[in-house]
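Breakdown of the fold
Chain residues, written in single-letter form:
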Amino acid sequence: MVVPITKLKDQLEEYIDIDDFQEVEKVERYIDLVKTFRKIKNKVNKDGPSVTVVNGSQEYTKSHPLLADMARINTSLLALEKSIFGVKTASENGNNNSKKNYNSDDLL
């Protein structure tokens, strides 16, 4: 299911302070990356995940060059999501398993 850009932008703006220009800029960058990702995805879907390259008498098949761009954009989107929504630590989530406490009885 493809979410309309306007609905996505509206939902993201619910999580930020609209008066904070830095946060608004993050949402704008996120939306621009989503638009670019969708364009690239459409192109890859049209061409297929692999392309045939002809170099003189040589012909070989390789992965679509835009797949690497899709991966980079996806990484940027994830980073912006963390920045927009914030990242809770394990202690904030009530999960203290990330830090183990040992005492002298644990030693052999």
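Per chain, residues are indexed from 1 in the order of the written sequence. Per-residue local features are limited, in this predicted model, to residues with pLDDT of at least 70; the limit for side-chain atom pairs, both in listing and counting, is 80 or more; totals at the level of whole chains, interfaces and linings are taken over all residues. The side-chain figures draw on all heavy atoms in the structure; neither hydrogens nor water molecules are used.

1. Some remarks on the nonpolar core
Under the convention used in this document: Only buried residues count toward a nonpolar core. Its members are Ala, Val, Leu, Ile, Met, Phe, Trp, Tyr and Cys residues joined through side-chain atoms within 4.5 Å. Only protein chains enter the accessibility calculation, which uses a 1.4 Å probe. A residue is then buried if its area is under 20% of the maximum for its type, exposed if over 50%, and partly exposed in between. In this description, contact between two residues means that some pair of their heavy atoms is separated by no more than 4.5 Å.
If you look at the biggest cluster of nonpolar residues, it comprises 14 residues, and the most contacted ones within it are Leu 8, Leu 12, Val 27, Tyr 30 and Ile 31. Those residues in contact with Leu 8, other than ones at most four positions away along the chain, are Val 3, Tyr 30, Ile 31 and Val 34.

2. A word on the confidence of the model for the protein
Heads up, the rule is: Confidence scores here are pLDDT values: one per residue, from the predictor, ranging 0 to 100.
On average, the protein scores 86 in pLDDT, and the residues at 70 or more come to 81%. In the model, residues 88–92 has pLDDT below 50 throughout and makes five contacts with residues more than four positions away in sequence or in other chains.

3. Notes on the side chain of His 64
Note the threshold: Under the scheme used here, helices are H or I runs from DSSP no shorter than 4 residues and strands are E runs no shorter than 2 residues, and both carry numbers assigned from the N terminus.
Considering the arrangement of structural elements, one finds His 64 in the loop between β2 (58–63) and α3 (66–85). In contact with His 64, other than residues within four places in its own chain, are Lys 43, Val 44, Asp 47, Gly 48, Pro 49, Ser 50 and Val 51.

4. Thoughts on the environment of Val 44
Note that Val 44 resides in helix α2 (residues 21–47). Exposure remark for Val 44: the relative accessible area of 7% places this residue in the buried category. It is 9.6 Å that separates the C-alpha atoms of Val 44 and Met 70, two residues lying 26 residues apart in sequence.

5. Some thoughts on the packing of α2 against α3
Relative orientation and spacing of two packed helices are given, respectively, by the angle between their axes and the distance between those axes. Applicable threshold: A fitted line through C-alpha atoms serves as each axis, taken over the contacting stretch for helices, and the angle formed by two N-to-C directions is quoted from 0 to 180°. Throughout, the term roughly parallel applies to angles under 35 degrees, roughly antiparallel to angles over 145, roughly perpendicular to angles from 65 to 115, and oblique to all others. Crossings are classed by handedness, with left-handed meaning an anticlockwise turn of the near helix from the far one by less than a right angle and right-handed meaning a clockwise turn. In this count, Pro and Cys sit with the nonpolar residues alongside Ala, Val, Leu, Ile, Met, Phe, Trp and Tyr, while Asp, Glu, Lys and Arg are called charged and the others, Gly among them, polar.
Where α2 contacts α3, the axes come no closer than 10 Å and their chain directions differ by 155°. By the criterion of interaxial angle, the relationship of α2 to α3 is roughly antiparallel. For the element pair α2 and α3, the recorded crossing hand is left-handed. Residues belonging to the contact of α2 with α3 are distributed by class as follows: 14 nonpolar, four polar and seven charged.

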